[in-house]
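# Descriptive analysis of the structure
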Amino acid sequence: MRVMVTGGAGYIGSVVVEELLRDGHEVIVYDNLSKGHRASVNSSALFVKGDLLERDFLSVTLKECRAEAVVHMAADSLVGESVAKPGKYYRNNVVGSLALIDAMLEAKIKRLVFSSTAAVYGEPAKQPIEEDDPTGPTNPYGETKLSFERALYWHGQVHELQSVSLRYFNAAGATEHCGEWHDPETHLIPIVLQVAAGNRSHVEIYGDDYPTSDGTCVRDYVHVVDLAQAHVLALNRLAHGSATYNLGCGGRGYTVREVIDIAREVTGRSIETKMVTRRQGDPAVLIAGSERIKRELGWQPQYQDLRMIITSAWNWLRNDPYGFEATARRGSGF
């Protein structure tokens, strides 16, 4: 198919683009580059700089590119920022996403894969979290993602829009060309590796008195390639109707200390830590179950081992120690 990927210059989006191209699709990347990197976009994809809120331009782009489906990755995604600036998140994640649906329907496109979040579950009562468990977001980020999921349901009822929503927690790892580089960086694995690389002084651990094996929080981590492949499978699923799937690591998850210890082994570097107080609202354990997508779509993660995830991220960081700015300066090879 000819597929538009919104947010296709971002960390996960750029890898989704790689996997779509590998699967034989034609790809149009639509990104405003507010957080994405032009250097991360594969040269085999058509790049269009634009914002979802530029409604007329978006509509024209979809028509002129003759897109047949959309993978919607574009979003603001910082939990803390969403609490401080809820209006920004409703504007970009809800209003902008609804503008995308309007433009799709105008262009007679009725297939969409939505990159959602497991934050829609809030603080779940049980682990691992399954798709039918109650939703109850505890921040505007999760609430805006859930709001758009609900909008997709009603547009499906009224306009026969087919959609698949994918819910997950922590993407991690890298490919040869695409890795994680945010400013500011808030995710544990890249922060840990930045300390190993000498770009940070220490890693802050938010509490060691949780009811877990070593007192630190447990989270699941999914390699970004495995996530991207799930998006490709979901695209092929659209012919059979709408659905919602969780994507998780498939195990018990990893504590913060385990992540740091494995990073020390992989890098061979000392990684300084600093214990600080708990963050308000941090659950002890968050793990998403993935049995439904494995059963229905045959999703089989290839890189579930955390050591493989961290090794791929470390290899990318060593090649691009200053992120995509360095890649752009020396010239992209893709």
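Residues numbered from 1 in each chain as written. Predicted model: local features only at pLDDT ≥ 70, side-chain atom pairs only at ≥ 80, totals over all residues. Heavy atoms only, no water.

## So, the confidence of the model for the protein
For the protein, per-residue confidence averages 93 on the pLDDT scale, and residues scoring 70 or more make up 96% of the total. Every residue in residues 326-334 is under pLDDT 50, and counting partners more than four places away or in other chains gives 13 contacts. (pLDDT = per-residue confidence, 0-100. Contact = heavy atoms within 4.5 Å.)

## Let's talk about the packing of helix 8 (residues 256-267) against helix 10 (residues 306-319)
Relative placement of two packed helices is described by the angle separating their axes and the distance separating the axes. Running from N to C, helix 8 and helix 10 point in directions that differ by 55 degrees, and their axes come no closer than 10 Å. Considered as vectors, helix 8 and helix 10 are oriented oblique to each other. In this structure, the crossing between helix 8 and helix 10 has a hand that is right-handed. In this structure, helix 8 uses Val259, Ile262, Ala263, Glu265, Val266 and Thr267 to contact helix 10, whose residues at the interface are Leu306, Arg307, Ile310, Thr311 and Trp314. A class-by-class count of the residues in the contact of helix 8 with helix 10 yields seven nonpolar, two polar and two charged. (Axes fitted to C-alpha atoms, helices over the stretch in contact; angles between N-to-C directions. Helix = DSSP H or I, 4+ residues; strand = E, 2+ residues; numbered from the N terminus. Parallel < 35°, antiparallel > 145°, perpendicular 65-115°, else oblique. Left-handed = near helix turned anticlockwise from the far one by under 90°. Nonpolar A, V, L, I, M, F, W, Y, C, P; charged D, E, K, R; others polar.)

## Comments concerning the pairing of strand 11 (residues 243-247)
Counting buried residues along strand 11, four of its five residues qualify, which places the element largely inside the surrounding structure. Both strand 6 (residues 162-168) and strand 11 contribute to a ladder of five bridges, which runs parallel. From the neighbouring strand, Ser165 faces strand 11, where its bridge partner is Thr244. (Buried < 20%, exposed > 50% of the residue type's maximum accessible area, 1.4 Å probe, protein only. Pairing = 2+ DSSP bridges.)

## What to know about the nonpolar core
One broad rule of soluble globular proteins: the nonpolar side chains tend to lie buried together. Core analysis: the biggest nonpolar cluster contains 39 residues, and Val5, Ile12, Leu20, Val71, Leu166, Leu247 and Ile293 have the highest contact counts within it. Taken together, the elements giving at least two residues each to this core come down to strand 1 (2-6), helix 1 (11-22), strand 2 (26-31), strand 4 (69-72), strand 6, helix 7 (224-237), strand 11 and helix 9 (291-297). In terms of residues, this core owes the most to one element, helix 7, which gives eight residues. Non-local contacts of Val5, meaning those with residues more than four positions away in its chain, are made with Gly13, Val17, Leu20, Val27, Ile28, Val29, Tyr30, Val71 and Met73. Listed in part, the 29 residues of the second largest apolar core include Val256, Leu306, Trp316 and Leu317. (Core = buried A, V, L, I, M, F, W, Y, C linked by side-chain atoms within 4.5 Å.)

## Details of the packing of aromatic side chains
Going through the model one piece at a time under the given rule, you end up with three aromatic pairs. On the basis of an interplanar angle of 35 degrees and a centroid distance of 6.2 Å, the ring pair of Tyr30 and Phe57 is categorised as tilted. Note that Tyr30 is positioned in strand 2 and Phe57 in helix 2 (residues 55-64), a separation of 27 residues in sequence. Classification of Tyr30 as buried rests on a relative accessible area of 1%. With 4.9 Å between their ring centres and 75 degrees between their planes, Phe114 and Phe148 make a pair best called edge-to-face. A residue pair is termed long-range when its members are at least 10 positions apart, and Phe114 in strand 5 (residues 111-115) and Phe148 in helix 5 (residues 140-159) qualify at 34 residues. (Phe/Tyr/Trp six-rings, centres within 6.5 Å; stacked < 30°, edge-to-face > 60°.)

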